[in-house]
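Each chain, letter by letter, is given below.
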Amino acid sequence: MSSVCSPPRPGRRFDPGPNTLLTGGTLADPGRCPGGKGNSLPGGGAPGDSHDAVANQYIRVPQSDIIDSIAVLSGPDEADDRIVELVQAGDLVTTADIPLADRVVGKGATALDPRGTLLTEANIKERLATRDLLDELRNAALVGGGPSTFGARDTQAFANQLNQFLQSRPGD
């Protein structure tokens, strides 16, 4: 098993920018992984896994036979649209983008947010509705702020949930 997002390590760093995703057996939005930009991407993976880093700019990825970088046109949701096009049932998408998570879950994938919450058909609509409500309340200046500060517990919860998902995959 290999971890797709992990705390930064020297020599394996890159700056993914916004709307970035790895697609394949395990998908990740590196800009939305614990620790934000500069996360490491291991060059390993399960036999047969391949991953594509999708963004609205070229992304430097670790030299690997299983990771490619795909640059899409700059514009709203261009990278998200390509991610949804590439995702397959059974894939894992790591993202904090709830609308993107809803779209990939609708295609049979699972999403994992950076705080370690697994988003599935059972809970994605509730998360999307909550996100939309809070967005409307913030736009109307009825509530302020956002999520709590990201911390070590969030990183640990993410790592635990990612490892649990990877270990539960049949054939790995």
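Caption draft 1: Fine view of the environment of isoleucine 67. One can find isoleucine 67 in strand β3 (residues 67-71). With 15 residues separating them along the chain, isoleucine 67 and aspartate 52 place their C-alpha atoms 5.5 Å apart.

Caption draft 2: Local environment of the confidence of the model for the protein. Looking at the protein as a whole, its pLDDT mean stands at 74, while 69% of the residues score no less than 70. In this model residues 1-28 is a low-confidence stretch, pLDDT under 50, and it forms 116 contacts with partners more than four residues away in sequence or in other chains. Predicted confidence is poor over residues 30-45, with pLDDT under 50, and the contacts of this stretch with residues over four places away or in other chains come to 62 contacts.

Caption draft 3: A look at the sheet that holds strand β6 (residues 118-119). On the basis of which strands lie adjacent, the open sheet formed by three strands has the order β4-β5-β6 and mixed pairing. The open sheet has two edge strands with one neighbour each: β4 (92-94) and β6. Bridge count for β4 against strand β5 (residues 110-112) is three bridges, and the pairing is parallel. Its bridge partner lying in β5, leucine 92 is registered against threonine 110.

Caption draft 4: Quick look at helix α3 (residues 124-139). For α3, which comprises 16 residues, the first-to-last C-alpha distance of 22 Å matches the rise-based estimate of 22 Å (1.5 Å per residue) to within 8%. Downstream of α3 by a residue or two, alanine 141 has a phi angle that is positive, lying close to 60 degrees.

About the thresholds
Residues numbered from 1 in each chain as written. Predicted model: local features only at pLDDT ≥ 70, side-chain atom pairs only at ≥ 80, totals over all residues. Heavy atoms only, no water. Helix = DSSP H or I, 4+ residues; strand = E, 2+ residues; numbered from the N terminus. pLDDT = per-residue confidence, 0-100. Contact = heavy atoms within 4.5 Å. Pairing = 2+ DSSP bridges. Expected span 1.5 Å × (residues − 1).

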